[in-house]
Amino acid sequence: MLEQVRKYINEVEQFNSDKPEEIELFRIKYLSKKGGLLTELFNAFKTVPNDEKKDFGKILNILKDSVTDKINYLNNQIESNVQVKTALDLSLPGSAEKIGSRHPISIVKNEIVEIFTRLGFTISEGPEIEDDYHVFSALNFPPEHPARDMQDTFFIEQNPDILLRTHTSSVQVRVMDNQKPPIRTISPGRVFRNEAISARAHCIFHQIEGLFIDENVSFADLKQTLEYFAKEFFGKDAKIRLRPSYFPFTEPSAEVDVSCSLCGGKGCNVCKYTGWLEILGCGMVDPNVLEANDIDSVKYTGFAFGMGIERITMLKYGIKDLRLFFENDIRFLTQFK
Ligand code: DAH
């Protein structure tokens, strides 16, 4: 009898299957209450002589445990196989990656940069945290100029003044620090002003600065350059007009309007029925600025201009609220692919 049970144990150890039906037959064979081998063996236990009962009982329990262990093991095996298979089902359709889109400010900045690089302008950059010298003094701002006021400028430290640049004109000074004429460069970047946030104003925005210094640079060169830009950017029908203005770092200075591309100059609510939209400030570099930066103002002349990228983007796409650029609402951003 003992020998027979050992054979069964061996058989159970050898058994292997990944088919639920076969495992069920195996269970019935050993564990079924009616006619299962273990049921029969436990019945036979009664007839075993008393001195053999202990050993026989032990080995029957071993057989019973190995059957249940085997069944549990094989069932677990099937279950984990199913999980692995679902995780690796190569026939399932792939999940598409969400592709981002460039921010409208970057799109417009790149387009403006591209237009000016075609005219031979290089790109230069400067720090956002600046000193008073590069943002104001070297650009001919008088000491009491209101732009230096706490109400406009974010100061980081005072005496000596360290501040967030209020315009990219500071990069002009950085370029002149390192380079002598001829200079032909544009400087895109972020600027900061202490302004209440509204549909038309923000405390952070973007500008592009232009600077051209060489011998015999005239106001006509400035006008020609800006007209080329306007036609490239707004379309060949775009016209520009210059209005006299004032900036400390240019003399003479002008503000430039472009003909309203929405109404073609006839007048609409975007151009406030004037037919014109203001796009930038410009002028001939003030001789004081050239001299402050060690450039001979008798030999050299130059022009400079500066424009707000948010403003130009709003005009180009008819966007009415500046705050949209900073909210990063995906429904807004993906419209500019
Ligand atoms: N820096 C001026 C501003 O932030 C813009 C500007 C005007 C830049 C005239 C220039 C310029 O270079 O010549 O309002």
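Everything numeric in this text was worked out from a predicted model, so none of it was measured.

1. Section: the environment of Val 191
Then comes step 1: By the element assignment, Val 191 lies in strand E5 (residues 183–192).
Then comes step 2: For Val 191, a relative accessible area of 0% translates into the label buried.
Then comes step 3: A C-alpha to C-alpha distance of 17 Å links Val 191 and Ala 304, two positions 113 residues apart in sequence.
Then comes step 4: With sequence-adjacent residues up to four places away left out, Val 191 is seen in contact with Arg 165, Thr 166, His 167, Thr 168, Cys 203, Ile 204, Phe 205 and Gln 207.

2. Here's the deal with the layout of surface pockets
Then comes step 1: Roughly 1400 Å³ of volume is contained in the largest pocket.
Then comes step 2: Along the wall of the largest pocket there are 49 residues; nearest its centre are Phe 205, Glu 278, Ile 279, Gly 308 and Arg 311.
Then comes step 3: Residue assignment for the lining of the largest pocket shows that the elements contributing at least two residues are strand E6 (204–214), strand E7 (240–247), strand E8 (250–259), strand E9 (276–285), strand E10 (301–308) and helix H10 (309–317).
Then comes step 4: Top element by residues in the lining of the largest pocket is E9. It accounts for 7 residues.

3. A word on the environment of Pro 182
Then comes step 1: Mapped onto the secondary structure, Pro 182 falls in the loop between helix H7 (169–178) and E5.
Then comes step 2: The exposure class of Pro 182 is exposed, given its relative accessible area of 56%.
Then comes step 3: For the pair Pro 182 and Thr 301, spaced 119 residues apart in sequence, the C-alpha separation works out to 9.9 Å.
Then comes step 4: In contact with Pro 182, not counting residues within four places along its chain, are Ile 213 and Asp 214.

4. Looking at the sheet that holds strand E4 (residues 162–164)
Then comes step 1: Across the sheet, 3 strands lie side by side as E2-E4-E3; this open sheet has antiparallel pairing. Only two strands of the sheet have a single neighbouring strand rather than two, namely strand E2 (129–131) and strand E3 (155–157). Strand-to-strand twist of the sheet, defined as the mean angle between neighbouring strand axes without regard to direction, takes the value 35°.
Then comes step 2: Across 3 bridges, the pairing between E2 and E4 is antiparallel.

5. Focus on the packing of aromatic side chains
Then comes step 1: One pass over the full model with this rule turns up 19 aromatic pairs.
Then comes step 2: Ring geometry for Phe 136 against Phe 141: centres 5.0 Å apart, planes inclined by 75°, an arrangement best described as edge-to-face. The burial state of Phe 136 is the same as that of Phe 141; both residues are buried.
Then comes step 3: Judged by centre distance (5.9 Å) and plane angle (35°), the ring pair of Phe 141 and Phe 249 falls under tilted.

Conventions used here
- Every residue gets a number counted from 1 within its own chain, in the order that chain's sequence is written.
- The predicted nature of this model means local features are confined to residues of pLDDT at least 70 and side-chain atom pairs, given and counted, to a pLDDT of 80 or more, with totals for whole chains, interfaces and linings taken over all residues.
- Excluding hydrogens and water, the side-chain figures rest on all heavy atoms present in the structure.
- Comment: elements are numbered from the N terminus, with helices defined as DSSP H or I runs of at least four residues and strands as E runs of at least two.
- For the exposure calls, accessible area comes from a 1.4 Å probe over protein chains only, and a residue counts as buried if that area is under 20% of its type's maximum, exposed if over 50%, partly exposed in between.
- For this analysis, residues touch if any pair of their heavy atoms sits within 4.5 Å.
- Any residue with an atom within 4 Å of a point lines the site, the site being either a cavity, points on a 1 Å grid over the protein atoms alone where a 1.4 Å probe fits but cannot get out, or a pocket, an open set with protein on both sides within 12 Å along at least 5 of 7 lines.
- Grid points are joined across faces, edges and corners, and a volume is the space filled by probe spheres set on the points.
- Should DSSP find at least two bridges between two strands, the strands are regarded as paired.
- Axes, fitted as lines to C-alpha atoms, cover a helix only where it is in contact. Angles between the N-to-C directions of the axes lie from 0 to 180 degrees.
- The criterion for an aromatic pair is that two Phe, Tyr or Trp rings (for Trp, the six-membered ring) have centres within 6.5 Å, with stacked assigned to planes under 30 degrees apart, edge-to-face to planes over 60 apart and tilted to the rest.

Shape is all these values report; function is a separate question.
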